[in-house]
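Summary of the model geometry
One-letter residues, chain by chain:
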Amino acid sequence: MAYRPSRKFKKTLLGGGAFVVLAGLNAPAALSFAEEKYHAYKISQPGYKARYGSWEQVHVPGEHRLNAIHAALLRTGKVLLIAGSGNNQKSFDAGTFKTILWDPAAHTFQAVDTPEDFFCAGHSQLPDGRLLVAGGTARYEVLDGEVKRAGGAMRVKNESPDKAVTLRKGTVFRSPGGVEYVSTQDVTVPRAKREFKVSYSATGRMKPWETRVTAAEARVFVEARKEGPQGLTTQAAQYTIRGLKGEDARNVYGIAQKLTTNKQDFQGIKSAYEFDPVAERYVPVAPMKDARWYPTLVTLQDGRVLAVSGLDEVGDVVPGDNEIYDPRTKKWTRGPFRYFPTYPALFLTQGGKLFYTGSNAGYGPADKGRVPGLWDLRRNVFQEIRGIDDPDQLETSASLILPPVQEQKLMVLGGGGVGESALSTPRTAVIDLKEQSPVFRAGPTLPEGTRYLSSVLLPDDTVFTTGGSRDYRGRGASDILKAQFYEPRTNGFRPAAEPTVGRNYHSEALLLPDGRVATFGSDPLFGDKDNTRIGTFEQRVEVFTPPYLQGDAPRRRPVLGDGPSAFDRDGRATFATKDAGRITKARLMRPSAVTHTTDVEQRSVELGITRTEDSVTVEAPLDPTLVPPGWYMLFALDAEGRPSVAKWIRVDLREPRG
């Protein structure tokens, strides 16, 4: 940081006509101009870059710019950027949904057909390298004061044990008083459940069978046909369904507790797709049992994927009905029941339990499902772990498994108060799950209270953190143009080069195969300090080059040659290399799938190394709870911490089925 401009630079800045420019400006503007010039000079110096790294904006052609809500690195090295409708009501109404594939190696962008609105979906890496994308948006929220038609959840009952009933979008429900409401989605109500009961008389003779029918139920969101207060109802009532006749009219009906003009939240969809990185297209699979908006998807040790939380088809937080996707059958089954707020950060830990750091993206009450803990899925037992500082400010915090994963330490960074709170915390905390009674211990503080912080694992065992904002969604021009490295060995931060693009809500960052970090998105509420100008979505892409790739480092980085595309059953893989003698360690890095400060995919695995004169053999731990099945980036590093360009390699340590 001790670099000073040369005399020649000062003369250039203040001479040659610059004096005339400065004289025509007021003093604050002149000072700002000079500071910007000096800052640009300082960060361009080789010595500065070698110590702090550097940033560079990526040129994105106009037709390929999008509101990046989700980012996932594919096994082809390309980055899938998903906007869906991109938090844009007009795009949603028009059915305009976007996905872009960016190839950072070839510097190309291409559009991908996007079949549904994946805005605020969940995603997870599958064992074969496909990306599972599930959930998304069925309906945008309508805020208090803007709701023109009363609406809410209609429970649709079916008392027929003989057939299911499907009611299409636009079905009319009529109240006893004659007020009509219209459904906003299709809804299918299963058959009623028929049970036979056998009973006996006092003398022991069997009585005739008794039949009991329990009505089936599904929910759908409805709106009043007419605007205004005449559509309001605050009492429970039974509704007839227009168009049904005879037995159907008697068996199928609606029940609503109240239908109001209160705020109407976003609503989720049940759809699920696999994105094929080779064919570069979305492939539909079986839908989820529950609609989900803002869900977390986390890969388990057997390659299946657990879907947790989200807003359902009427805008309520899914009450704890989680489900599991099997990529072999392409179907969903019920998972263990447990409530979480939306986008909970859940990490697979050694032994198969999930650790919930308490990080989440917001929807849900402040006093429910927010305590961190260890979740045993097999027994469905949750062990709460309290004691983290600022426990009321875990929303919009970042969290990750620290490198290497074998250490089983997790970190929480920053966060803010529930909802639109202005509270934010600089707190970080680390927990060691290898301890007999794990507890959170304070880590180093961030430069200031920070929400929406991006945190990325690097192959040299450091954590790169960048961006975020002090206030909710960057209000008051509170974006934080700072970055830092966290060193797990010393439990401390050291500064990194400052980004030039602010990142808050709806922003992402991920590690690229060449060892750089790419950042995307940001969705501020306002565009000025006084909160008078509506904010615009940040579509610029900025890439950070760490110090380990500065100067002549790219020429001196280790190179891995030919080798296998998968580890063998003993967890070994051998690669030809002329640099075997100077390769000191190797790391297996799981590619990211990140949204809303939530990236439960990334993890760094320490590998064993055996060298010959012209080859290196790496060995992975034979534990799928440490190394879930899938494609990974393999980095070889020298003693200076310079990583090779990653080799893509598949790991699958699952036991064969049946």
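Quantities reported herein were computed from a predicted structural model and do not represent experimental measurements. Per chain, residue numbering runs from 1 following the sequence as it is written. The predicted origin of the model limits local features to residues at a pLDDT of at least 70 and limits the giving and counting of side-chain atom pairs to 80 or more, whereas totals for whole chains, interfaces and linings rest on all residues. Only hydrogens and water are set aside when side-chain values are computed; all heavy atoms of the structure are taken into account.

**Comments concerning the layout of surface pockets**
Note the threshold: Cavity: a set of points on a 1 Å grid over the protein atoms alone where a 1.4 Å probe fits but cannot get out. Pocket: an open set with protein on both sides within 12 Å along at least five of seven lines, its lining residues, like those of a cavity, having an atom within 4 Å of a point. Grid points are joined across faces, edges and corners, and a volume is the space filled by probe spheres set on the points. Residues were grouped as follows: Ala, Val, Leu, Ile, Met, Phe, Trp, Tyr, Cys and Pro as nonpolar; Asp, Glu, Lys and Arg as charged; and all remaining residues, including Gly, as polar.
Considered as a void within the structure, the largest pocket measures approximately 980 Å³ in volume. Along its surface, the largest pocket is lined by 38 residues, and Glu141, Phe266, Tyr472, Arg473 and Leu525 are the ones closest to its centre. In terms of residue class, the lining of the largest pocket is built from 18 nonpolar, 12 polar and 8 charged. Empty space within the second largest pocket amounts to approximately 800 Å³.

**A short note on the pattern of salt bridges**
Note the threshold: A pair is scored as a salt bridge if a Lys or Arg side-chain nitrogen falls within 4 Å of a carboxyl oxygen belonging to Asp or Glu. Only protein chains enter the calculation, and the probe is 1.4 Å; a residue is then buried if its accessible area is under 20% of its type maximum, exposed if over 50%, and partly exposed in between.
By the definition in use, this model includes 48 salt bridges. Residue Asp265 pairs with Lys263 through a salt bridge whose shortest N-O separation is 3.2 Å. Since its relative accessible area comes to 36%, Lys263 is described here as partly exposed. Shared partners join several salt bridges into a network, and the residues in it are Asp128, Arg130, Glu274, Asp276 and Lys330.

**Brief notes about the nonpolar core**
Condition: What makes a nonpolar core is a set of buried Ala, Val, Leu, Ile, Met, Phe, Trp, Tyr and Cys residues whose side-chain atoms join them at distances within 4.5 Å. We count a stretch as a helix when DSSP gives it H or I for four or more residues in a row; a strand needs E for two or more, and each element gets its number in order from the N terminus. Note on contacts: a residue pair is in contact if any heavy atoms of the two residues lie within 4.5 Å.
Ranked by size, the top nonpolar core spans 52 residues in total, and within it Val79, Trp102, Phe464, Phe520, Phe544 and Met633 carry the most contacts. Residue contributions to this core peak at 4 residues, all from strand 46 (residues 630–638). Excluding anything up to four places from it in sequence, Phe544 contacts Tyr52, Gly53, Ser54, Trp55, Phe464, Phe485, Ala496, Ala497, Arg516 and Val517. Core analysis: the next-biggest nonpolar cluster, separate from the first, contains 49 residues, Leu306, Leu354, Leu560 and Ala573 among them.

**Quick look at the sheet that holds strand 34 (residues 454–457)**
What counts, and what does not: Between any two strands, at least two bridges found by DSSP are needed for them to pair. Axis definition: a line fit to C-alpha positions, over the contact stretch in the case of helices; interaxial angles, taken between N-to-C directions, run 0 to 180 degrees.
A sheet is described by the order of its strands in space; here 4 strands give the open sequence 34-35-36-37, paired in antiparallel fashion. Among the strands making up the open sheet, the edge pair consists of strand 34 and strand 37 (492–496). Strand-to-strand twist of the sheet, defined as the mean angle between neighbouring strand axes without regard to direction, takes the value 25 degrees. Pairing analysis gives 4 bridges linking strand 34 to strand 35 (residues 463–466), with the strands arranged antiparallel. Looking at the pairing, Ser454 lines up with Thr466 of strand 35.

**Description of the pairing of strand 35**
Every second residue of strand 35 is oriented toward a common face, with Val463 and Thr465 on one face and Phe464 and Thr466 on the other, all of them buried. In this antiparallel pair of consecutive strands, strand 34 and strand 35, the connection spans 5 residues, and Asp461 shows a positive phi of 75 degrees. Two strands pair when backbone bridges link them, and strand 35 and strand 36 (residues 483–487) are joined in this way by 4 bridges, in the antiparallel orientation. Looking across to strand 36, one finds that Thr466 is bridged to Ala483.

**What to know about empty space enclosed by the protein**
Summed over all chains, the structure comprises 8 cavities of 30 Å³ or more. By volume, the largest cavity amounts to about 90 Å³. Taken together, 14 residues make up the lining of the largest cavity; nearest its centre are Ser454, Ser455, Val594, Thr597 and Asp599. At the level of secondary structure, the elements contributing two or more residues to the lining of the largest cavity comprise strand 30 (398–401), strand 34 and strand 38 (507–511). When its residues are assigned to classes, the lining of the largest cavity shows 6 nonpolar, 7 polar and 1 charged.

**Focus on the UniProt feature "domain: Galactose oxidase-like Early set" (unreviewed entry) in the chain**
Basically, it comes down to this: UniProt positions are given in the numbering used here, feature names are shortened, and annotations may be inferred rather than shown by experiment.
As annotated in UniProt, the feature "domain: Galactose oxidase-like Early set" (unreviewed entry) corresponds to residues 558–651 in the numbering used here. Helix makes up 0% of residues 558–651 and strand makes up 44%, while its end C-alpha atoms are separated by 22 Å.

**Focus: the side chain of Thr260**
Formally: Two N or O atoms form a polar contact when they lie within 3.5 Å of each other; inside protein one atom must be a possible hydrogen donor and the other a possible acceptor, and for residues adjacent in sequence the pair counts only when both atoms belong to side chains.
Mapped onto the elements, Thr260 comes out in the loop between strand 18 (252–256) and strand 19 (267–268). Of the polar contacts made by the side chain of Thr260, one reaches the backbone nitrogen of Asn262; its length is 3.2 Å. Beyond its immediate sequence surroundings of up to four residues, Thr260 is in contact with Arg149, Ala150, Gly151, Leu232 and Thr233.

**What to know about the environment of Val463**
Looking at the secondary structure, you find Val463 in strand 35. For Val463, a relative accessible area of 0% translates into the label buried. A C-alpha to C-alpha distance of 9.3 Å links Val463 and Phe493, two positions 30 residues apart in sequence. Excluding residues that lie within four positions of it along the chain, Val463 makes contacts with Leu400, Leu402, Pro403, Ser455, Val456, Leu457, Gln484, Phe485 and Tyr486.

**So, the sheet that holds strand 39 (residues 517–521)**
Spatial strand order, 1-40-39-38: 4 strands in an open sheet with antiparallel pairing. The sheet terminates laterally at strand 1 (54–58) and strand 38, the two strands that pair on one side only. Averaged over neighbouring strand pairs, the angle between their axes works out to 20 degrees when direction is ignored. Where strand 38 lies against strand 39, 5 bridges are found, and the strand directions are antiparallel. Directly across from Leu511, in strand 39, lies its bridge partner Val517.

**Here we look at the side chain of Thr99**
Note on placement: Thr99 falls in strand 4 (residues 98–103). Engagement of the side chain of Thr99 in a polar contact is seen with the side chain of Thr114, the distance being 2.8 Å. Excluding its chain neighbours within four sequence positions, the residues that come into contact with Thr99 are Leu66, Leu80, Leu81, Ile82, Gln110, Ala111, Val112, Thr114 and Tyr282.

**Thoughts on unusual backbone geometry**
Cis geometry is found at the peptide bond from Pro403 to Pro404, where omega equals -15 degrees. Along the polypeptide, Pro404 turns up in the loop between strand 30 and strand 31 (409–413). Of note in the backbone geometry, Glu280 takes a positive phi value of approximately 60 degrees without being a glycine. Along the chain, Glu280 falls in the loop between strand 20 (272–276) and strand 21 (281–285). Its identity is not glycine, yet Ser522 carries a phi of approximately 145 degrees, on the positive side. Looking at the secondary structure, you find Ser522 in the loop between strand 39 and strand 40 (541–545). Classification of Ser522 by relative accessible area gives buried; the value is 2%.

**A few points about the environment of Ala218**
Summarising the element assignment, Ala218 is placed in strand 16 (residues 216–224). Exposure remark for Ala218: the relative accessible area of 13% places this residue in the buried category. Residues Ala218 and Asn158 lie 60 residues apart in sequence; the distance between their C-alpha atoms is 8.7 Å.

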